[in-house]
Amino acid sequence: MYLAYIDESGSTGSLANGGSKSFTLGCVLVRSSRWAETFDAVLGYRRYLREEFGVRLRDEIKANYLLHNGGGFRKLGLSEQARHSVYRGTLRLVAKVDASAFGVVIRKEFLSNGDPHEWAWTFLLQRLERLATTTRAQVLLVHDEGRADDVRRLARKARRAGIAGSAFGGGVVKRPFHRLIDDPVSRNSQQSLFIQVADLVAYAAFRRVYPGPTSRKHSVVPADMWDELGPARMAEVNQRSGGPSPGIVTWPRQPRVP
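Computed from a prediction, not measured in an experiment: that's the story for all the values here.

Analysis parameters
- Residues numbered from 1 in each chain as written.
- Predicted model: local features only at pLDDT ≥ 70, side-chain atom pairs only at ≥ 80, totals over all residues.
- Heavy atoms only, no water.
- Helix = DSSP H or I, 4+ residues; strand = E, 2+ residues; numbered from the N terminus.
- Rg over C-alpha atoms; globule rule 2.2 N^0.38 Å.
- Buried < 20%, exposed > 50% of the residue type's maximum accessible area, 1.4 Å probe, protein only.
- Contact = heavy atoms within 4.5 Å.
- Areas by Shrake-Rupley, 256 points an atom, 1.4 Å probe, with all protein chains shown as cover.
- Lys, Arg positive; Asp, Glu negative; His and termini not counted.
- Charge placed at Lys NZ, Arg CZ, Asp CG, Glu CD.
- Axes fitted to C-alpha atoms, helices over the stretch in contact; angles between N-to-C directions.
- Parallel < 35°, antiparallel > 145°, perpendicular 65-115°, else oblique.
- Left-handed = near helix turned anticlockwise from the far one by under 90°.
- Nonpolar A, V, L, I, M, F, W, Y, C, P; charged D, E, K, R; others polar.
- 1 Å grid on protein atoms, 1.4 Å probe; cavity = no way out; pocket = protein on both sides within 12 Å on 5 of 7 lines; lining within 4 Å.
- Points joined across faces, edges and corners; volume = space filled by probe spheres on them.
- Core = buried A, V, L, I, M, F, W, Y, C linked by side-chain atoms within 4.5 Å.

Undergrad: Honestly, the overall build of the protein in this entry has me stumped. Any pointers?
TA: The number of helices and strands found in the protein is 6 helices and 8 strands. Taken from N to C terminus, the helices and strands of the protein fall in the order β-β-α-α-α-β-α-β-α-β-β-β-α-β. In summary, the protein has a C-alpha radius of gyration of 18 Å against a globular reference of 18 Å for 258 residues, a match within 12%. Taking the principal axes of the C-alpha coordinates as reference, the protein spans close to 55 × 45 × 30 Å. Here the protein holds 258 residues, and 47% of them are scored as buried. Intrachain contacts of the protein at a sequence separation of at least 6 include 69% that bridge at least 24 residues. Accessible surface, the protein as shown: approximately 12500 Å² in total, 48% of it carbon and sulfur. Here the protein contributes 39 positively and 25 negatively charged side chains, and the mean placements of these two sets differ by 4 Å.

Set out below in structure tokens:
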């Protein structure tokens, strides 16, 4: 069985009202049979961060905090280079603990209809259904708090109907997510190290699609930060649809022509 830890980056509001360019989900997959040793490895890394940078075990590591020296990082006053190292090391850890990751980036500037949150979760559930089916594994969703009712509704719909876009042509293929276990579990990200990693995965996926300014000497999260995941990137999630990098699903794929 896989435990799929999920967190989001960006807002669902419209660009006209000051919303972000995209809404992104980051997903980190941990095998249940290896959960204890994987957790111990992540905990060991957090102890290293405590010794090296003063980041306490109870301090939440979020992309936004690393970008702006927020949260528990505020009092530490770490340099951009140090925060870059924390971010990079966390992403590299995913492959080291034999976990995997992927992202779903909804490009709101090209989205003509629908809720970005629903689009993102639909694509994420489709990819997890394919993984579960091909590996004959079961999946339990663990996500950050927020819109839990919507996530539960979409998960139940995926289990029952599971409509997925066809890889060939414009039709659809009905693939019920029979291997999805129970309802999604909502967790406070501060209490879950794996959801915190998923938050960094989500923002790195966003930055890969939308590179930031390059004028700063030390950018905390450059566009190539996503590549630090290395072999942990799940290339199969976008091997047919393409995209900016292995492991990132983008939608819409192309801007609509007026």
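Undergrad: Please clarify how the packing of helix H1 (residues 35–53) against helix H3 (residues 80–96) should be interpreted in this entry.
TA: Any two packed helices are characterised by how steeply their axes cross, that is the angle between the axes, and by the distance between the axes. Packing of H1 against H3 brings their axes to within 11 Å, and their N-to-C directions diverge by 165 degrees. Taken together, the axis directions place H1 and H3 in an arrangement best described as roughly antiparallel. Handedness of the crossing formed by H1 with H3: right-handed. Residues Ala41, Val42, Tyr45, Leu49 and Phe53 of H1 touch H3, and the partners they reach there are Ala82, Ser85, Val86, Gly89, Thr90 and Leu93. In terms of residue class, the contact of H1 with H3 is made up of 8 nonpolar, 3 polar and no charged.

Undergrad: So what exactly am I meant to see when it comes to empty space enclosed by the protein here?
TA: Empty space among the atoms becomes apparent when a probe as large as a water molecule is rolled across them. With the rule as written, the count across this model stands at 4 cavities of 30 Å³ or more. Considering only enclosed or pocket space, the largest cavity measures out at about 80 Å³ in volume. Counting only elements with at least two residues in the lining of the largest cavity, the list comes to H1, H3 and helix H6 (193–209). Here the residues of the lining of the largest cavity sort into 8 nonpolar, 2 polar and 1 charged.

Undergrad: Would you mind going over the nonpolar core with me for this structure?
TA: Burial of nonpolar side chains together is a common tendency in soluble globular proteins. Ranked by internal contacts, the top residues of the largest apolar core, which has 47 residues, are Val28, Ile61, Leu66, Tyr87, Leu91, Val201 and Leu229. Elements supplying a minimum of two residues to this core: strand S1 (2–10), strand S2 (22–31), H1, helix H2 (63–68), H3, strand S3 (100–107), strand S4 (139–144) and H6. In terms of residues, this core owes the most to one element, H6, which gives 12 residues. When neighbours within four sequence positions are excluded, Val28 is seen to be in contact with Leu3, Ala4, Tyr5, Ala99, Ser100, Ala101, Val197, Ala198 and Val201.

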